[in-house]
Structures are given as structure tokens and as C-alpha cells.
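The chain contents come next:
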Amino acid sequence: MSDIGDWFRSIPFITRSWFAASIAVPLVGKLGLINFRNFLLFPELFFNRFQLWRPVTATLFFPITPGTGFLYLVNLYFLYHYSTRLETGAFDGRPADYIFMLLFNWICIVITGLLMNMRLLMIPLIMSVLYVWAQFNKDMIVSFWFGTRFKAHYLPWVILAFNFIIGGSFVDELTGNLVGHLYFFLMFKYPMDLGGRSFLSTPEFLYRFFPNRRGGISGFGVPPSRRPAAQEPAAGGGGGGGRHNWGQGFRLGGE
């Protein structure tokens, strides 16, 4: 148990908080302590009855059943793997900037969820983080199932295409990819590479609560660096066959 505790404490703070909440909320629903329907995003209840907690719980909740348990664990791994690497890599020492990225992506996903009547938002937010990580590590070589290898830039779309080919839903993944692209384009691509106006900036109050460490300067001053190509296994890479739709979006029937 001490090894598990040491591992958990080694996870950077923001990712650790998100990871823990994404375990606690589904377990509460699985144990029946709270009716799982109270966690889902219903636009009519959000707007008409002012149940304002639903966008938050819909982002943290995922139904744990024999048919969805493995999918939940894989997405939990995605959360841990890619959020940790962003928080300790491109956003190292910049907790306010990372929190702002998560907030921006989350707000965009909530708006999309309300418009498209999406009940669960966990996968889109995780995929948006994975997409941003892939943009920061475009030239890194990752391994996928069956030993396929490609640049990390393609990983979010490979996951989406894999789901589509085997007949699963790709709406959640597509939403996450598009939101991640919107953030990266507005924060980096347009103002830094294309010389356009900067539309996004981290609010100053976030720096007061989460000051930069190691003497960093508020905000980002340079475009993301292009790292040398390296090899890193993607989740699910190299084993287990391809029988499970591990990236499939989940939609409750009849809601």
C-alpha cells in the first residue's frame, strides 16, 4: 500500500486532483450512494432547474459496468499519462496556465454537450488534453496496436479512426480533438506562427492563486519547441489484440 501511496503522491497536483475525482465520482455512482442520473448532463435540468453541478459531475462521472469498465480504465490511463506529461513538460512550473487550458477546454466541451445533448463529458476533456500533448510532441514516434508506429501528431486521429472502423462512436473523440485544436490554434498557432492577434491569455487571478514556479514569466512567450523524434508507446500499444473498442464514446440509451 505504501508503494501505491508513493506513486499517487508522485503525480503532479493538478493531474492528481483530476485523477482522484475521476475515480471517486464513478465509485459513488457504482456503489449507489447517489443515483447516477444526478451526475449526468441534462440541458433541461441545468437551465430550468438550475442544477449547476451537472457540467462538473458529467465530466468526472463514467458508468462502470461489465461492458464499459475496460473503456473507463483506458481513459483513466489516458488522463494520467498525458495530463502528467503536459503538466510536467510544456506547462512545467506554470500551474495557472495549465488550469486555464483545462478550464477553456472544459467550457467549450460543456457548451458543445448542452447543444448536442451529450450526457457524459469525461472522454472529450481527456481527448482534448491528449490532442494538445500531441501538438507539443508532433515528431515523437509512438507505438499503437499491432506494432504500428507513427508520429504523435496523428495519435488523436488514429484513435478516432480506429473507433469508426470497428463500428463504435467517435463523437466524443471528435469533440475533444476539435476543442484541443481550438485551444492550441488560438493560444499558439495563430498568434505565434501566423503573427495574428492573441485571443487567449491566462487571467491574472489564476496567477495569484497558482503562481509560477522556478522564476517563470506569466503566460507563454515562445512557441512550443519541436523536440527530437523519440519513441514512446501509446496506450494499448503492442499487445492484447484489437478486440476491444477502447476509445469508444459511451452514450446512455433512452435518455
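Note that this is a predicted model, so its numbers are computed, not measured.

A word on the overall build of the protein
Right, on to step 1. In terms of regular secondary structure, the protein is built from ten helices and three strands.
Right, on to step 2. Helices and strands appear in the protein in the N-to-C order α-α-α-α-α-α-α-β-β-α-α-α-β.
Right, on to step 3. Within the span of the protein, comprising 255 residues, buried residues form 49% of the whole.
Right, on to step 4. Nonlocal contacts in the protein, meaning residues at least 24 apart in sequence, comprise 71% of its contacts between residues at least 6 apart.
Right, on to step 5. Total accessible area computed for the protein in this model is approximately 12600 Å², and 64% of it derives from carbon and sulfur atoms.

With respect to the UniProt feature "transmembrane region" (unreviewed entry) in the protein
Right, on to step 1. Annotation from UniProt places "transmembrane region" (unreviewed entry) at residues 18–40, 60–80, 101–134 and 154–171.
Right, on to step 2. Between the C-alpha atoms that bound residues 60–80 there is a distance of 14 Å. The span itself is 62% helix and 0% strand.
Right, on to step 3. Between the C-alpha atoms that bound residues 101–134 there is a distance of 15 Å. The span itself is 85% helix and 0% strand.

As for unusual backbone geometry
Right, on to step 1. At Phe50, a position not held by glycine, the phi torsion is positive, near 55°.
Right, on to step 2. If you trace the backbone, Phe50 turns up in the loop between α3 (43–48) and α4 (54–60).
Right, on to step 3. Backbone geometry at Asn117 places phi at a positive 60°, although glycine is not the residue there.
Right, on to step 4. Structurally, Asn117 can be placed in the loop between α6 (95–116) and α7 (122–136).
Right, on to step 5. Residue classification places Asn117 among the partly exposed residues on the basis of a relative accessible area of 33%.

So, a nonpolar patch on the surface
Right, on to step 1. A surface patch of nonpolar side chains, about 500 Å² in accessible area, is lined by Leu103, Ile107, Ile111, Leu115 and Met116.
Right, on to step 2. Relative to the helices and strands, Met116 resides in helix α6.

Some thoughts on the packing of aromatic side chains
Think of a pair of aromatic rings as described by two things: how far the centres are apart, and how the planes are tilted against each other in angle.
Right, on to step 1. Counted according to the given criterion, the structure contains 20 aromatic pairs.
Right, on to step 2. On the basis of an interplanar angle of 90° and a centroid distance of 6.1 Å, the ring pair of Tyr131 and Trp157 is categorised as edge-to-face. Highlighted residues: Tyr131 in helix α7 and Trp157 in helix α8 (residues 155–165), separated in sequence by 26 residues.
Right, on to step 3. Cluster of aromatic residues (ring-pair linked, three or more members): Phe91, Tyr98, Phe100, Phe104, Phe136, Tyr183, Phe184 and Phe188.

Observations concerning the pattern of salt bridges
Right, on to step 1. Under the definition given, this model contains three salt bridges.
Right, on to step 2. Across the pair Arg94 and Asp97 runs a salt bridge, and its minimum N-O distance is 3.9 Å.
Right, on to step 3. Linking Lys151 and Asp139 is a salt bridge whose minimum nitrogen-to-oxygen distance equals 3.6 Å. You can see Lys151 sitting in strand β2 (residues 149–151) and its partner Asp139 sitting in the loop between α7 and β1 (141–143), a full twelve residues away along the chain.

Observations concerning the packing of α7 against helix α9 (residues 171–193)
The description of two helices packed together rests on the angle between their axes and the distance between the axes.
Right, on to step 1. Running from amino to carboxyl end, α7 crosses α9 at an angle of 45°, the nearest separation of the two axes being 7 Å. Taken together, the axes of α7 and α9 are oblique relative to one another. Viewed along their axes, α7 and α9 form a crossing whose handedness is right-handed. Residues Ile123, Pro124, Met127, Ser128, Tyr131, Val132, Gln135 and Phe136 of α7 form the contact with α9, whose own contacting residues are Asp172, Glu173, Thr175, Gly176, Asn177, Val179, Gly180, His181, Tyr183, Phe184 and Phe188.
Right, on to step 2. Residue composition of the contact of α7 with α9, grouped by class: ten nonpolar, seven polar and two charged.

Some remarks on the environment of Gly196
Right, on to step 1. For Gly196, the position within the fold is in the loop between α9 and α10 (204–209).
Right, on to step 2. Sequence spacing of Gly196 and Leu186 is ten residues, and the spatial spacing of their C-alpha atoms is 9.2 Å.
Right, on to step 3. Those residues in contact with Gly196 that lie beyond four places of it in its chain are Tyr190 and Pro191.

So, how was this worked out
Residues numbered from 1 in each chain as written. Predicted model: local features only at pLDDT ≥ 70, side-chain atom pairs only at ≥ 80, totals over all residues. Heavy atoms only, no water. Helix = DSSP H or I, 4+ residues; strand = E, 2+ residues; numbered from the N terminus. Buried < 20%, exposed > 50% of the residue type's maximum accessible area, 1.4 Å probe, protein only. Contact = heavy atoms within 4.5 Å. Areas by Shrake-Rupley, 256 points an atom, 1.4 Å probe, with all protein chains shown as cover. UniProt positions renumbered as here; feature names shortened; annotations may be inferred. Patch = residues over 30% accessible without salt bridge, like charges linked within 9 Å, V, L, I, M, F, W, Y side chains within 5 Å. Salt bridge = Lys/Arg side-chain N within 4 Å of Asp/Glu carboxyl O. Phe/Tyr/Trp six-rings, centres within 6.5 Å; stacked < 30°, edge-to-face > 60°. Axes fitted to C-alpha atoms, helices over the stretch in contact; angles between N-to-C directions. Parallel < 35°, antiparallel > 145°, perpendicular 65-115°, else oblique. Left-handed = near helix turned anticlockwise from the far one by under 90°. Nonpolar A, V, L, I, M, F, W, Y, C, P; charged D, E, K, R; others polar.

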